[in-house]
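Coordinate analysis (summary)
Here's the letter readout for the chains.
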Amino acid sequence: MVFLMINDMLIGIAANGEYELVYSGKLSKENIINTTPPALLKKIEEFHGENTFDDSWANMLIHGDNLSVLKTIYDDQQNRDRLMTKNRITLIYIDPPFATKKEFKQQNQKAYKDTMTGAAFLEFLRIRLILLKEILADNGSIYLHIDWRFGHYIKIIMDEVFGPENFLNECIWYYSSGGRPETYYARKHAALYFYKKGKKAVFHQHEIGLPWGRQKRNNMKRNVDPDGRVYWSINSGNKEYTYYEDTRLTPDDVWDDISHLQQKDPERGSSGHYPTQKPEKLLERIIRASSGKGDIVLDAFAGSGTTLAVAEKLKRRWIGIDTGEPAIAAIRKRLLSLSTTIGTLKRDTRTDFERVDDFKAHSQSTSRGLFFIYEKVRKGDFILNDEFFIELAHFIDRHLKGDNEETFSLIYPEGKLKVKNLSVRPEADLKAGEKSIAIGRIKFLLSEIRKKQEYTKPHDLYAKTFSIYRAMPADKK
Ligand SMILES: C[S@@+](CC[C@H](N)C(=O)[O-])C[C@H]1O[C@@H](n2cnc3c(N)ncnc32)[C@H](O)[C@@H]1O
């Protein structure tokens, strides 16, 4: 074996061409599994809402070192599966300390320390990754969130633990907030290493597809089909390729469309301003893509509970673990006042009759805002039919300068869209901002207002069915 020395770690290249990261104190997998003591999980609080699931499952928030808790879950899966996790943890997201050598504060109080570094830090993560892999469902996957300090070493460790053949992506989350140095390039990204456990992993492309977009593409020709749908086409190698504007494409592995939470971002208020809190939109993409409704999502470094909050909103089961008291307090508070909408702070306390699903996203969409909440439509005195849309589109077309395409938002009461001949796309998808009608260059982005009543069932609204556990050393009862 040949060794390369970097910091206090060695990269060993074995004679057979395989390689391995070598450092002092690296334990064998058998050693980790056989000698890690499990914890006793003592329930200290439980909240009962209307259960989203038709079994006895309650989400779990566990206060303790994740190593012993993961071992408890592992042992339980090997035995009676009383925790009901065997082959059901489809997604693991972890955002561990990054070896920043900092102490993080939450409103001037200590939140957590991130002072471990070097080989000790690597081994800290590796032993946890080994257990995480064991408890992951066969069709499951893991995302590990890390930055420039240790990312490359962790990639090698993950190749060792999960197998290089199970590597799927190094997703780059690019954000532009923060200061800029003058002697080197600004460090503005984190990496998410995405691995599957086995041959196939859950990946719901249709849940995360991004609109193909309306921008003009080089050398492409804009066309409108007989239904008024816009598409772009290009000829290459005697073949014509067409792309409909409403086609949904799998996002790239560089994510530059999700911004970092600012110090005063309202989303942070939900956790009492927990440091290193990640945006809900980031977790939304991950959870939608890599888990299904009812699957278990696990975050072993839960922090302010972003993963748990989004999992709850998307009707996944969840398990969150954190060793810090401030984190558990922040999560508890956050879960007890969740909003329905991803990326917003407060639950909806409006007393009026109606609300819009994902109103924020809709109002921030690229479309110009023509919000149409029409009392008469609701009462049935006015009809949103083909004629209405055609007349409105022609009216706008006449008065709007230039010949660019333009999109307008339109909000309408549930069940009141009476269009027969125009094509509404995508037909079955009622998610806000995802239904549209295009007439020539004018496109209407439609949001349905559903009756507030529909949202007031506790399980539709906020996390009320979860238990908080304290992880105790197994010898103390
Ligand atoms: C970077 S933060 C996670 C932030 C989180 N993703 C969010 O959006 O708020 C890392 C968290 O790991 C927790 N932590 C560190 N070591 C741990 C351990 N051994 N077991 C469980 N949690 C741990 C810290 O208390 C801290 O809350």
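A short tour of the structure in this document, coming up. (Residues numbered from 1 in each chain as written. Predicted model: local features only at pLDDT ≥ 70, side-chain atom pairs only at ≥ 80, totals over all residues. Heavy atoms only, no water.)

1. Structural notes on the overall build of the protein
Within the protein, the secondary structure is distributed over 13 helices and 25 strands. Partitioning the intrachain contacts of the protein with sequence separation of at least 6 by distance along the chain shows that 71% fall at a separation of at least 24. Of the roughly 24200 Å² of accessible surface on the protein, 50% is carried by carbon and sulfur atoms. (Helix = DSSP H or I, 4+ residues; strand = E, 2+ residues; numbered from the N terminus. Contact = heavy atoms within 4.5 Å. Areas by Shrake-Rupley, 256 points an atom, 1.4 Å probe, with all protein chains shown as cover.)

2. Examining the packing of aromatic side chains
Summed over the entire model, instances satisfying the criterion amount to 15 aromatic pairs. When the centroid spacing of 4.2 Å and the interplanar angle of 15° are considered together, the rings of Tyr 143 and Phe 194 count as stacked. Within this pair, whereas Tyr 143 is found in strand S9 (residues 141-146), its partner Phe 194 is found in strand S11 (residues 189-196), the two being separated by 51 residues in sequence. Residue Tyr 143 is classed as buried on the basis of its relative accessible area, which comes to 2%. Given the relative accessible area of 4%, Phe 194 is considered buried. Among the aromatic residues, those joined into a ring-pair cluster are Phe 47, Trp 318 and Phe 466. The aromatic ring of Phe 53 is capped on one face by Arg 317, whose charged end is 4.2 Å from the ring centroid. (Phe/Tyr/Trp six-rings, centres within 6.5 Å; stacked < 30°, edge-to-face > 60°. Buried < 20%, exposed > 50% of the residue type's maximum accessible area, 1.4 Å probe, protein only. Lys NZ or Arg CZ within 6 Å of the ring centre and 35° of its normal.)

3. Examining unusual backbone geometry
Residues other than glycine seldom take positive phi values, yet Asn 87 does so here, at roughly 55°. With respect to the helices and strands, the residue Asn 87 is situated in the loop between helix H2 (66-78) and strand S6 (89-94). A positive phi angle, near 55°, is found at Thr 276, a position not held by glycine. Relative to the helices and strands, Thr 276 resides in the loop between helix H6 (266-269) and helix H7 (280-290).

4. Quick word on the site of the ligand
In the neighbourhood of the ligand, 21 residues make up the surrounding shell, with Asp 95, Tyr 274, Ser 304, Thr 306 and Asp 322 lying closest. Side-chain polar atom of Asp 322 to an oxygen atom of the ligand: 2.7 Å apart, as the coordinates give it. Contact between the ligand and Thr 323: a nitrogen atom at 3.2 Å from a main-chain N or O atom of the residue. Summarising the interface, the protein chains cover 96% of the accessible area of the ligand, which totals 600 Å² for the free molecule. (Near = heavy atom within 4 Å. Polar contact = N/O pair within 3.5 Å; in protein donor to acceptor, adjacent residues only side chain to side chain.)

5. Some thoughts on the sheet that holds strand S19 (residues 317-322)
In spatial order, the strands read S4-S25-S5-S19-S18-S6-S9-S11-S10-S17; together these 10 strands make up an open sheet with mixed pairing. The open sheet has two edge strands, strand S4 (39-47) and strand S17 (254-255), and neither has a second partner. Where strand S10 (residues 167-174) lies against S17, 2 bridges are found, and the strand directions are parallel. Bridge pairing links Trp 173 to Trp 255 in S17. Across the sheet, helix H3 (residues 118-135) touches S6, S9 and strand S18 (296-299), and the angle it forms with S9 is around 160°. On the sheet, helix H4 (residues 151-162) packs against S9, S10 and S11 and is oriented at approximately 5° with respect to S11. (Pairing = 2+ DSSP bridges. Axes fitted to C-alpha atoms, helices over the stretch in contact; angles between N-to-C directions.)

6. Remarks on the pattern of salt bridges
Inspection of every chain in the model, using the stated rule, returns 21 salt bridges. Between Lys 43 and Glu 46 there is a salt bridge, and its shortest N-O distance comes to 2.7 Å. Between Glu 207 and Arg 288 there is a salt bridge; the shortest N-O distance is 3.0 Å. You can see Glu 207 sitting in helix H5 (residues 205-208) and its partner Arg 288 sitting in helix H7, a full 81 residues away along the chain. Given the relative accessible area of 15%, Arg 288 is considered buried. Overlapping salt bridges, with partners in common, bring together Glu 207, Lys 281, Glu 284 and Arg 288 in one network. (Salt bridge = Lys/Arg side-chain N within 4 Å of Asp/Glu carboxyl O.)

7. Here's the deal with the nonpolar core
If you look at soluble globular proteins, the nonpolar side chains tend to sit buried side by side. Ile 62, Leu 129, Leu 132, Met 158 and Leu 298 are the most contacted members of the largest nonpolar core, which totals 56 residues. Top element by residues in this core is H3. It accounts for 11 residues. In this view, Leu 298 contacts Leu 70, Ile 73, Ile 89, Leu 91, Ile 92, Tyr 93, Leu 132, Ile 135 and Ile 319; residues no more than four positions away in its chain are not counted. Listed in part, the 34 residues of the second largest apolar core include Leu 61, Tyr 143, Trp 173 and Ile 331. (Core = buried A, V, L, I, M, F, W, Y, C linked by side-chain atoms within 4.5 Å.)

8. Points about the environment of Asn 169
Looking at where Asn 169 falls in the secondary structure, it is placed in strand S10. According to the relative accessible area criterion, Asn 169 is partly exposed, its value standing at 25%. Separated by 25 residues in sequence, Asn 169 and Phe 194 place their C-alpha atoms 5.1 Å apart. Excluding anything up to four places from it in sequence, Asn 169 contacts Leu 192, Tyr 193, Phe 194 and Asp 253.

9. So, the pairing of strand S25 (residues 466-473)
Where S4 and S25 come together, 8 bridges link them in antiparallel fashion. Pairing of Glu 46 across the sheet is with Ser 467, part of S25. Across 5 bridges, strand S5 (residues 59-63) lies against S25 in parallel orientation. Bridge pairing in S25 places His 63 opposite Arg 470.

10. Quick notes on a negative patch on the surface
Taken together, the side chains of Glu 170, Asp 252, Asp 253 and Asp 256 make up a negatively charged region of the molecular surface. Residue placement: Asp 256 occurs in the loop between S17 and H6. For Asp 256, a relative accessible area of 55% puts it in the exposed group. (Patch = residues over 30% accessible without salt bridge, like charges linked within 9 Å, V, L, I, M, F, W, Y side chains within 5 Å. Lys, Arg positive; Asp, Glu negative; His and termini not counted. Charge placed at Lys NZ, Arg CZ, Asp CG, Glu CD.)

11. Quick word on the packing of helix H8 (residues 306-313) against helix H9 (residues 325-336)
Where H8 meets H9, the closest approach of the two axes is 10 Å, and the angle between their N-to-C directions is 20°. In this view, H8 runs roughly parallel relative to H9, as classed from their interaxial angle. Crossing hand, H8 versus H9: right-handed. Of H9, the residues touching H8 (which contributes Thr 306, Leu 308 and Ala 309) are Ile 331, Arg 334 and Leu 335. Split into classes, the residues belonging to the contact of H8 with H9 amount to 4 nonpolar, 1 polar and 1 charged. (Parallel < 35°, antiparallel > 145°, perpendicular 65-115°, else oblique. Left-handed = near helix turned anticlockwise from the far one by under 90°. Nonpolar A, V, L, I, M, F, W, Y, C, P; charged D, E, K, R; others polar.)

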